[in-house]
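Understanding the architecture of this molecule
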Amino acid sequence: MFEGQSIRVSALTTPGVYELCFDRQGEAINKFDNRTVAELDQATRWLAAQPDLKGVLVSSAKDVFIVGADITEFGQKFNKPAEQIAADVAQSNLTFVAFEDLPVPTVLAINGYALGGGLEMALTASVRVMATTAQVGVPEVKLGLFPGFGGTVRLSRVASPAVAADWVASGRPAKADAALAAGVVDAVVPPEALRETALDWLRRAMAGEVDWAARQQRKRVPVPLSAAELKAVFDAAREKATRQTPPHQPAARMALDMMEHAATLDRAGALAQEARVFGEVARTQAGVSLVQTFLNEQALKKLFKRHDARAQHGRAAVLGAGIMGGGIAYTSALRGVPVRMKDIHQAALDLGMAEADKLLGRQVQAGRLSEEKAATVRSAITPQLDEAGFDQVDCVVEAIVENLGVKRQVLAALEERVAPGTVIASNTSSLRIDDIAQPLKRPDTFVGMHFFNPVPLMPLVEVIQGSRTSEAAVSTAVGYAVAMGKTPIVVKDCPGFLVNRVLTAYMRGFLQLVADGANFEAVDRVMEAFGWPMGPAYLEDVVGMDTGSHVSDVISAGYPERMPRLEHDALRLMASEGRFGQKNGRGFYRYEPDPKGKPRRSTAPEAHELLKRIQPKGQHSFSDAEIVDRMMLPMVIEAAHALQDGVVATAAELDMAMLLGIGFPAYAGGPLKWADWIGLGDIVARCDRLRHLGPAYEPTARMREMAARGERFHPL
Ligand SMILES: NC(=O)c1ccc[n+]([C@@H]2O[C@H](COP(=O)([O-])OP(=O)(O)OC[C@H]3O[C@@H](n4cnc5c(N)ncnc54)[C@H](O)[C@@H]3O)[C@@H](O)[C@H]2O)c1
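Keep in mind that this is a model prediction, so the values were computed, not measured. (Residues numbered from 1 in each chain as written. Predicted model: local features only at pLDDT ≥ 70, side-chain atom pairs only at ≥ 80, totals over all residues. Heavy atoms only, no water.)

Considering the site of the ligand
Cut-off, in case you're wondering: Whether a residue is near a molecule or strand is decided by its heavy atoms; if any one of them lies within 4 Å of it, the residue is near. Whenever two N or O atoms come within 3.5 Å, that pair is a polar contact, provided that in protein one can donate a hydrogen and the other can accept it, and provided that, for residues adjacent in sequence, both atoms are side-chain atoms. Using a 1.4 Å probe, accessible areas were evaluated by the Shrake-Rupley method; residue-level cover was limited to the displayed protein chains. Only DSSP runs of H or I with at least four residues qualify as helices, and only runs of E with at least two residues qualify as strands; both kinds are numbered from the N terminus onward.
For the ligand, the set of nearby residues contains 20 residues, the closest of which are M324, D343, E402, K407 and S429. Take I400: an N or O atom from its main chain is 3.2 Å from an oxygen atom of the ligand. At a separation of 3.2 Å, an oxygen atom of the ligand approaches a polar side-chain atom of N453. Within the complex, 77% of the 830 Å² of free accessible area of the ligand lies under protein. Of all the secondary-structure elements, those providing two or more residues to the shell around the ligand are α14 (323–334), α17 (404–417) and β16 (446–451).

Shown next, in the form of structure tokens:
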């Protein structure tokens, strides 16, 4: 008997047959951390030393098989040069090879998720039997990586290079039938028959009825395809990956290039290739940043659990059935929190319900929702002109007109209609929570919940804690947002809160570039090439020039020393000329509906002409690098200020808010992670080169200290 903390090996009743069982002590799941790999090594040696060894069954005592590597270890594992990472991976591979080379048949029962390292382990066995309810896959590409425990090598040989290319490059998990059809597993059976079926395969293999040795041998030799055949497979996979991969995420491409070459090598050669290129991919910006984002998400989930313990969000209400209120009510109902929706106009309620019907209809059409479920969701929204039932809800989200006087008046009246413990949340985008709270009798139950438009699609909610907001009210807002499937980030009350404040610093970089003579289309091209979903001019058109200009004014007033009112402001000019952006078809660009009714963008020569009015020094061409610095550095500096001011508690939350709120490019991980990647020393030096542009380019004192000490915002 071998007994580790994650692996146990015991003898079964048939002499010479042993079971290696993954059963991580004290946890609900199995994962591959350093200790488990070490135990696998010991367990394999132990098995090899059994004189009567005839066969091995591999199983899991959890609901899952193995969910993958322990990503919390990645920080320490990847904080090394690529060659060292490759050497470490190659060392771990020896363990998997030793298990694969046991001189007896090995049958592995996949009872639940076998992802990443879990599937890689499964591929070392001679036979895989899978439960109908299980799923397998190699999702590493989503972390900017690819499998590094021999997964690319063995998938190519057990299934085929085409399957391996598809699975590795997409990261998509497969259900049992698909895994069987792809040749990744040998049999699929209902969960209750899994163990018996696996044991039966083992008996047959031991009896010579299954040529297990030939199956293992296939994994030790090159893939039996010609160079031309391999090229055809991998060219097609590269073409698909190029189409489907977000910008600047090279993992899929690196994996495919490596796999094409590795397919021509024997196992040792192929594994060495995989390890070498894995070392490189782990040190790419996307690899480092996406792993950090995963860790950020884990940290957030822990926080949410803490809030949820004291949150109340069983029933909710929304005030205002407009764009935002309608979206909030729909999302709440869809996620199972019944909601009352009040407006002062029947027409607005009708419009809100019609919008919900449209969205539900689309879900039904796409097969994501049954007719019955759609009807249940619809009936969970109660449109009403009065406050009936408001005394029964845990949380009311106010989404009425953005006017301080009106909000104060309406909320003070609302306070009288709800129970004393009910949390009132304002969806204000630009007013201060403390200002709105001024006339309230219970400011402790008042909080901000800043949703983004369109609510059903946008994952972020800023939960704003005013100076008098209680922790319990914050928890209820966080809990309600999580229940709606959103990611809430708690921020302190300040002008622009977090996201618009940091975004405005970036946008002002743009406005200053335009005032200094830059061609906005060139700026859009550079920033889109940087990885933004849309360049700043295009983004302002989508937001609307009047809205953008208003936000900019609010923030200028809030941070006059760093972001004073701009003398030459393209947004103000555009708005004053009635160029409001996409909403009226004219902004930085022109928009006309395409055959499907979607706005099609084209260049607007008159916009360039108009901007000459605010370009006192005429036009000027900027290098791509200067455009990037002039846009990105003020954003990093403002993010650093927000973190130092305690607007947000951690760098992880700050970067997550920017990723989710404004589509900060995923490969760069958020403004602070981007700064970490460049290195704070370099960031500060670049800021100093642009100091003539004003205080928006002055790094914080803390940034200078961090640069001098070689520190980073994030640990990874
Ligand atoms: N539109 C956005 O992109 C966006 C994004 C984030 C936050 N917000 C904020 O959300 C709030 C609402 O914005 P919107 O775009 O949904 O506005 P909207 O004009 O589409 O909707 C407001 C609705 O509130 C109703 N209303 C007005 N007074 C009311 C009252 N006393 N009781 C109940 N209903 C009342 C109106 O009839 C209207 O239907 C604003 O504070 C806005 O700043 C908007």
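Concerning the sheet that holds strand β3 (residues 17–22)
Counted only if it meets this: A pair of strands is treated as paired once DSSP finds two or more bridges between them.
Taken in spatial order, the 7 strands line up as β1-β2-β3-β4-β5-β7-β10 in an open sheet, and their pairing is mixed. Each edge of the sheet is formed by a strand with only one pairing partner; in this case those strands are β1 (2–3) and β10 (187–189). Pairing of β1 with strand β2 (residues 7–11) involves 2 bridges; the strand directions are antiparallel. Paired with F2 across the strands is V9, a residue of β2.

Points about the pattern of salt bridges
Our working definition: In what follows, salt bridge is the name for a side-chain nitrogen of Lys or Arg lying within 4 Å of a carboxyl oxygen of Asp or Glu. Buried residues are those whose accessible area, probed at 1.4 Å on protein chains only, stays under 20% of the maximum for their type, while exposed residues exceed 50% and partly exposed ones sit between those limits.
On inspection of all chains with the given rule, the structure shows 59 salt bridges. Between E100 and R267 there is a salt bridge; the shortest N-O distance is 2.8 Å. In this pair, E100 is assigned in helix α3 (residues 82–100) and R267 in helix α12 (residues 267–282), connecting sequence segments 167 residues apart. Overall, E100 belongs to the buried group, its relative accessible area being 1%. One salt bridge in this structure joins R562 and E638, with 2.7 Å as the shortest N-O distance. You can see R562 sitting in the loop between α23 (545–558) and α24 (570–576) and its partner E638 sitting in helix α26 (residues 624–644), a full 76 residues away along the chain. The exposure class of R562 is buried, given its relative accessible area of 11%. Among the ionic contacts, a cluster of salt bridges with common partners joins E100, D101, R154, K219, R220 and R267.

Brief notes about the packing of aromatic side chains
For clarity, the threshold we go by: For this analysis, a ring pair means two rings from Phe, Tyr or Trp (six-membered ring only for Trp) whose centres lie within 6.5 Å, classed as stacked if their planes differ by under 30 degrees, edge-to-face if by over 60, and tilted for the remaining angles. Over a ring means this: the NZ of a Lys or the CZ of an Arg is within 6 Å of the ring centre and within 35 degrees of the ring normal.
The final tally for this structure, using the stated rule, is 18 aromatic pairs. Relative to W532, the ring of Y506 has its centre 4.8 Å away and its plane inclined at 40°; by these criteria the two rings are tilted. With Y506 in helix α20 (residues 499–515) and W532 in the loop between α21 (520–530) and α22 (536–543), this pair connects stretches of sequence that are 26 residues apart. Classification of Y506 by relative accessible area gives buried; the value is 1%. Following the ring pairs from residue to residue traces out a cluster consisting of F510, F520, Y538, F588, Y589 and Y591. Over the ring of W201 we find R204; its NZ or CZ atom is 4.7 Å from the centre of that ring. When the ring centre of Y538 is taken as origin, the NZ or CZ atom of R601, which lies over that ring, is 3.8 Å away.

A short note on the side chain of D516
Here is the rule: For this analysis, residues touch if any pair of their heavy atoms sits within 4.5 Å.
The topology assignment puts D516 in the loop between α20 and α21. Its relative accessible area of 19% is what places D516 among the buried residues. Residues in contact with D516, not counting those within four places in the same chain, are K617, G618, H620, F622, R630 and L693.

Side note on the sheet that holds strand β17 (residues 460–465)
For clarity, the threshold we go by: Each axis is a line fitted through C-alpha atoms, taken for helices only over the stretch in contact, and angles between the N-to-C directions span 0 to 180 degrees.
Strand order in the open sheet made by the 8 strands is β13-β12-β11-β14-β15-β16-β17-β18, with mixed pairing throughout. With partners counted over all chains shown, the strands left at the sheet margins are β13 (381–384) and β18 (487–492), one partner each. Each adjacent strand pair in this sheet contributes to an overall mean axis angle of 25°, direction not counted. Here strand β12 (residues 339–342) pairs with β13 via 4 bridges, running parallel. Note that in β13 the partner of K342 across the bridge is Q384.

Focus on a positive patch on the surface
Going by this rule: By definition, no residue in a patch forms a salt bridge, and every one has over 30% relative accessible area; like charges are joined within 9 Å, nonpolar side chains (Val, Leu, Ile, Met, Phe, Trp, Tyr) within 5 Å. In this count, Lys and Arg are taken as positive residues and Asp and Glu as negative ones, while His and the chain termini are left out. Throughout, a charge is located at the NZ atom of Lys, the CZ atom of Arg, the CG atom of Asp or the CD atom of Glu.
A cluster of basic residues, K301, K302, K305 and R306, forms a positive patch on the protein surface. Of note, R306 is situated in helix α13 (residues 285–308). For R306, a relative accessible area of 61% corresponds to the exposed category.

A look at the environment of R408
Structurally, R408 is set in helix α17. For R408 and I637, which are 229 residues apart along the polypeptide, the C-alpha to C-alpha distance reads 34 Å. In this structure R408 touches D435, I436, Q438 and P439, once residues within four positions along its chain are discounted.

Comments concerning the pairing of β3
Quick note on the threshold: Here, the term right-handed applies to a crossover whose path from the first strand over the helix to the second runs clockwise when the strands point away from the viewer.
Most of β3 is tucked away, with 6 of its 6 residues classed as buried. By the alternation rule, side chains of β3 split into V17, E19 and C21 and Y18, L20 and F22, which are all buried. As paired strands, β2 and β3 are joined by 5 bridges and run antiparallel to one another. Across the sheet, the residue bridging to A11 is Y18, located in β3. In sequence, β2 turns back onto β3 through a hairpin of 5 residues, with G16 there showing a positive phi of about 85°. Handedness of the crossover joining β3 and strand β4 (residues 55–60) through helix α1 (residues 34–48) is recorded here as right-handed.

A look at the nonpolar core
Heads up, the condition is: The term nonpolar core refers to a set of buried residues drawn from Ala, Val, Leu, Ile, Met, Phe, Trp, Tyr and Cys, joined through side-chain atoms within 4.5 Å.
If you look at the biggest cluster of nonpolar residues, it comprises 144 residues, and the most contacted ones within it are M449, M527, F588, M632 and W674. When residues of this core are assigned to their parent elements, the largest contribution, 11 residues, is made by α26. Not counting residues up to four positions away in its chain, the partners in contact with W674 are Q285, F530, V628, M632, L633, V636, F664, A668, I683 and R686. L57, I71, V141 and V291 belong to the second largest nonpolar core, which has 100 residues in total.

By themselves, these are just geometric observations and shouldn't be taken as functional.
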